[in-house]
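For reference, the chains in residue letters:
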Amino acid sequence: MPVDAISSVCNLGVFDSVNKASIFEMLESWNSFCLVTETIVNGDGANLSDYYSKFQLDVCGLCKNGLRSLVEEQFVVALQGTLEKTYAPKFWKNFDAYKNVTDFEVNDENMEEEAVELVLCKALEEISREKQYQEKCLSMLVNALLLCQESNTSTDGYSLDMEKIFFSKYRLIVSSVLMSTMPRHFTEILHLYFKRRLEELSTIMAGDYEDDDQPRNMDIDGTYDQNKTLQNKLVRNIGMVVHNLRNLGFTSMTEDAYASTIFLLLKAKVFDLAGDDYRTSVLESIKGWIQAVPLQFLHTLLNYLGDLMSNLSPEIAKSPLASTPSSCYQKAGKPSEGIIRWQLRLEYFAYETLQDLRIAKLFEIIVDYPDSSPAIEDLKQCLEYTGQHSKLVNSFISALRYRLLTAGASTNDILHQYVSTIKALRTIDPAGVFLEAVGEPIREYLRGRKDTIKCIVTMLTDGTGGNNSGPGNGDSLLEELNRDEENQESNSLDDDIHADDKQTWIDIQRWEPDPVEADPLKGSRYRRKVDVLGMIVSIIGSKDQLINEYRVMLAEKLLNKTDYDIDTEIRTLELLKIHFGESSMQKCEIMLNDLIDSKRTNTNVKATINKSSQTALFPIYSDNELSFDILDASIISSNFWPPIQEEDVKLPEAVDQLLTDYAKRFHEIKTPRKLLWKKNLGTVKLELEFGDKTLQFTVTPVHASIIMQFQDQTSWTSKNLAAAIGVPVDTLQRRINFWITKGIVAESAGADSTDHMYTLVDGTADGGKTVNNEALGADDEAETSVASVEDQLRKEMTVFEKYIFGMLKNVGSMGLERIHNSLKIFCANPPVYDKSVQQLQSFLSGLVAEEKLELRDGTYSIKK
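Cut-offs and rules
Residues numbered from 1 in each chain as written. Predicted model: local features only at pLDDT ≥ 70, side-chain atom pairs only at ≥ 80, totals over all residues. Heavy atoms only, no water. Helix = DSSP H or I, 4+ residues; strand = E, 2+ residues; numbered from the N terminus. Buried < 20%, exposed > 50% of the residue type's maximum accessible area, 1.4 Å probe, protein only. Contact = heavy atoms within 4.5 Å. Areas by Shrake-Rupley, 256 points an atom, 1.4 Å probe, with all protein chains shown as cover. Pairing = 2+ DSSP bridges. Axes fitted to C-alpha atoms, helices over the stretch in contact; angles between N-to-C directions. Parallel < 35°, antiparallel > 145°, perpendicular 65-115°, else oblique. Left-handed = near helix turned anticlockwise from the far one by under 90°. Nonpolar A, V, L, I, M, F, W, Y, C, P; charged D, E, K, R; others polar. Core = buried A, V, L, I, M, F, W, Y, C linked by side-chain atoms within 4.5 Å. pLDDT = per-residue confidence, 0-100. Salt bridge = Lys/Arg side-chain N within 4 Å of Asp/Glu carboxyl O. Arc of directions from axis to C-beta.

### Points about the overall build of the protein
Tallying secondary structure elements over the protein gives 35 helices and 9 strands in all. Buried positions account for 43% of the 864 residues belonging to the protein. Considering only residue pairs separated by 6 or more positions, the protein has 74% of its internal contacts joining residues 24 or more positions apart. Summing over all exposed atoms, the protein offers an accessible surface of approximately 46000 Å²; the carbon and sulfur share of this is 49%.

Given below as structure tokens:
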């Protein structure tokens, strides 16, 4: 080495105190040292032992003259130079053919199977041998320096850790050289290697895991032993690669590569086990697979690498997972700290992955509830572990707005989904904290639908909301009413006066603060109870509106009954009384009592009349006399029933006489009470005979009156027929459409363009046939026996219309809240204004539709 090059790495001031002979000796030793160093570092020598004596002599001669640091630096520089110029380029050149390794992974036909794995293993083995050779060279230098220290006590003292310092510095050089020259695609090669090897290993281990319950002594063909041998071989192969990569300084990169692969395999396993199957719990299966496959692999790998620890720190011993180590490594004693850390990481990742999968499909899961209860239970455990409840809330609200809260979804479907949502999330969050946030968009949307109250009442009475085949078929609110009754009965059995104090103390001990997502205006989570019916009623805002709608629907059912069977209605009423109180349901109870009394009265009236033999259901006798057996009266207390829709109709003379005789007999029995017939209400069972063909119908009195007019006269004009039954022509045209659609009456143009001709059709084409038509004849679904809640509200609010117009005329325009508050102030005396804001809004919307008012920017004004 030239003198100026030497001076750049070492202070040559030592030459100032030596003579020329000594300088010549040192130069000779230096040249010899450099030559031997170059020879052994480049591997030109046949054997290191052949150069050891000469190398030691040169090193000692230089150290004796104070050039130890120069010797050390020159030798390390030589090692680094060889590594940079020879070993590193040769190592990376092995991977030049796999620059597009991602494409190879997708298109395996472009490369030999496992070519990358073989190249990686071979290259690592080769550079590891070269590194071991350089480490032997470095050991030779260390030994020479130690010998010089023993023979020359005047030199600087060496510590016993000199070898560790030299090798630490050398490993840092190796790592820095390889990292600085590493191609970008090498990390992808590592990922591909671990992916393929771990997939193969996973297949073997998973097979053993699934067959864990099979008796090993029956394994005649030795498949289990073959799998264990293959498994151990694969682990040793992977372990050797990991060991070599670690020695080259790729520890972090290696762990990232096989860790990411393990997590990808775990994610794939979670998706494979969970998928779209919501009726089976998969969490325990996933945890079992983690124990049997990745943790077993990691245990074997760490054991192979010598990283397992025999003793645990106190903190690790307290881990809840450490108390139940995997069966795959119980024989080896307690798991190491590294294994427990891996188990915690893998299980958290599994919980989070399954949680995200279930949250993404939560809408479908709730649609399938309660069949999907296992999936809900899994999600509950995942959320308890991860604490990511806000993710569920945000994701599910987004799904609701996109898939449910749309104009295309019926109110029935929305309500049934809401009930299922309440029941499902009640499992996840019994306190209802997150249910409040999830349910608010649904409640807000349903408040804007006109048929919401009616659908809720239908769900309360028959459980289907008119959607017998829909998803809500199992969402009957009667189930919740039944549950409330059972809870009340169970609570009444506990008469211990200290029960409340005991429960309060338990709640105090269990108290925890509400999550940050909780509404601060609500009470503590331990004072709240998720009440399905209560949350449904909260949509409306007032139980009075719900009760009024129920009264209307109950009245409609009772008035259209063909018998006195009201057991179902009584049961429903008793359950509603538990929830809403007896006083609120008093009018409904009176309505049902009216039906019960009607059955008794009807029996008494008939028992006092001498009956003659009558055989037909609704015969027309020559003497125009009808039997009382064909008449069943429903006698109601009109003051307690909703307003009844009245319609004038002329019944056939014989039927009218029958009603008169019945009313007279009733007056005799119930003096001074009298009957006032609502002739347009009720049902009539008819038999129409056309030759040998008989048709049976259950229709309203108006429909029966229309068709009975054709007994004596087969053709009628619309005006004459309307006059005969006492209804307007437009009403007749609407009602007779029922008989036209049944093929009983034919319509044709009359002499007058405003008149129509109706003719009885001869229905003998299908002779000898009896056809039952049980559906109640109703040609207009909007026609009901009882005035709707909207009609009642409109009638009650009409008296306040002049007040509203007076205020708007004086002020100009007013908002809804201001109109509501003003009416409460000005109408404190009869007529008293006692309506809710929602009822007022409904009435004002009607005035806007009639173009009496206009709504602009949230304020109402008189339309000009």
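Okay, back to it.
### A look at the sheet that holds strand S4 (residues 745-749)
The 3 strands are arranged S3-S5-S4 in an open sheet whose pairing can be described as antiparallel. The sheet is open, and its two borders are formed by strand S3 (715-717) and S4, each paired with just one other strand. The average undirected angle you get between the axes of adjacent strands in this sheet is 25 degrees. Across 3 bridges, S3 lies against strand S5 (residues 756-760) in antiparallel orientation. Paired with Thr-717 across the two strands is Met-757, which belongs to S5. Along the sheet face, helix H29 (residues 718-725) touches S3 and S5 and points at about 95 degrees away from the line of S3.

### Quick notes on the packing of helix H10 (residues 251-274) against helix H11 (residues 283-292)
Remark: H10 packs on H11, axes separated minimally by 10 Å, with the N-to-C direction vectors making an angle of 150 degrees. What the angle tells us is that H10 and H11 run roughly antiparallel. Judged by the twist between their axes, the crossing of H10 over H11 is right-handed. On the side of H10, the interface is formed by Leu-265, Leu-266, Lys-269, Val-270 and Leu-273, while H11 contributes Ser-285, Ile-286, Trp-289 and Ile-290. Along the lines of polarity and charge, the residues of the contact of H10 with H11 split into 7 nonpolar, 1 polar and 1 charged.

### With respect to the nonpolar core
Of all hydrophobic cores here, the largest spans 97 residues; its most connected members are Phe-55, Val-59 and Phe-75. When residues in this core are grouped by element, the largest group, 15 residues, is from helix H6 (residues 115-151). In this structure, Phe-55 is in contact with Phe-33, Val-36, Thr-37, Ile-40, Phe-75, Met-140, Leu-141 and Ala-144, ignoring residues within four places of it in sequence. Counting residues in hydrophobic clusters, the runner-up holds 68 residues, among them Leu-392, Ala-409, Phe-434 and Leu-592.

### Points about the confidence of the model for the protein
Per-residue confidence for the protein gives a mean pLDDT of 75, with 74% of residues at or over 70. Here residues 308-332 is modelled with pLDDT under 50, and outside its nearest four sequence neighbours on either side it reaches 33 contacts, counting other chains as well.

### Side note on the side chain of Lys-835
Looking at the secondary structure, you find Lys-835 in the loop between helix H34 (816-826) and helix H35 (837-849). Residue Lys-835 is classed as buried on the basis of its relative accessible area of 15%. Every residue in contact with Lys-835, bar those within four places of it in the chain, is listed here: Leu-793, Glu-796, Met-797 and His-820.

### What to know about the side chain of Lys-577
Structurally, Lys-577 can be placed in helix H25 (residues 567-580). Residue class for Lys-577 comes out buried when judged on its relative accessible area of 10%. Ignoring any residue separated from it by four or fewer positions in sequence, one finds Lys-577 in contact with Glu-582, Met-585 and Glu-589.

### Some details on the packing of helix H33 (residues 801-811) against H34
Contact geometry for H33 and H34: axes closest at 11 Å, N-to-C directions at 115 degrees. The crossing of H33 and H34 is right-handed. Across from Tyr-803, Ile-804, Met-807, Leu-808 and Val-811 in H33, the residues of H34 making contact are Arg-818, Ile-819, Ser-822, Leu-823 and Phe-826. Residues that form the contact of H33 with H34 fall into these classes: 8 nonpolar, 1 polar and 1 charged.

### Structural notes on the pattern of salt bridges
Using the criterion set out here, one finds 23 salt bridges in the structure. Notably, a salt bridge pairs Lys-131 with Glu-135, separated by 2.5 Å at the nearest N-O pair. Of this pair, Lys-131 and Glu-135 both sit in helix H6, 4 residues apart, which is roughly one turn of that helix. Among the residues examined, Lys-131 registers a relative accessible area of 9% and is labelled buried. With a closest N to O distance of 2.9 Å, Arg-600 and Asp-597 form a salt bridge. Remark: Asp-597 and Arg-600 occur in helix H26 (residues 586-607); sequence separation between them is 3 residues, near one turn of the helix. The partly exposed category is assigned to Asp-597, whose relative accessible area is 36%.

### What to know about the sheet that holds strand S9 (residues 859-862)
An order of S7-S9-S8 is seen for the 3 strands of this open sheet, with the pairing classed as antiparallel. The sheet terminates laterally at strand S7 (813-815) and strand S8 (853-856), the two strands that pair on one side only. For this sheet, the mean angle separating the axes of adjacent strands, direction not counted, is 30 degrees. In the sheet, S7 pairs with S9 via 3 bridges, with the strands oriented antiparallel.

### Topic: the environment of Arg-129
Take Arg-129: it is sitting in helix H6. On the basis of relative accessible area, Arg-129 is assigned to the exposed category, the value being 52%. Measuring from C-alpha to C-alpha, the distance between Arg-129 and Asn-244 comes to 10.0 Å, with 115 residues separating the pair along the chain.

### Some words on H33
Every buried residue of H33 is accounted for by Glu-801, Ile-804, Phe-805, Met-807 and Leu-808. For H33, the angular spread of the buried residues around the axis is 160 degrees, confining them to a single face. The outward face of H33, more than 90 degrees from its buried face, is lined by the exposed residues Lys-802, Lys-809 and Asn-810. Backbone geometry just downstream of H33 places Gly-812 in the positive-phi region, at approximately 110 degrees.

### Regarding unusual backbone geometry
Tyr-369 connects to Pro-370 through a cis peptide bond whose omega is 10 degrees. For Pro-370, the location among the structural elements is in the loop between helix H15 (362-367) and helix H16 (373-386). The step from Thr-671 to Pro-672 runs through a cis peptide bond, and the omega angle for that step is 5 degrees. Here Pro-672 lies in the loop between helix H27 (653-669) and strand S1 (684-690). At Glu-851, a residue that is not glycine, the phi angle is positive and equals roughly 65 degrees. When you line up the elements, Glu-851 lands in the loop between H35 and S8. What makes Glu-851 exposed here is its relative accessible area of 55%.

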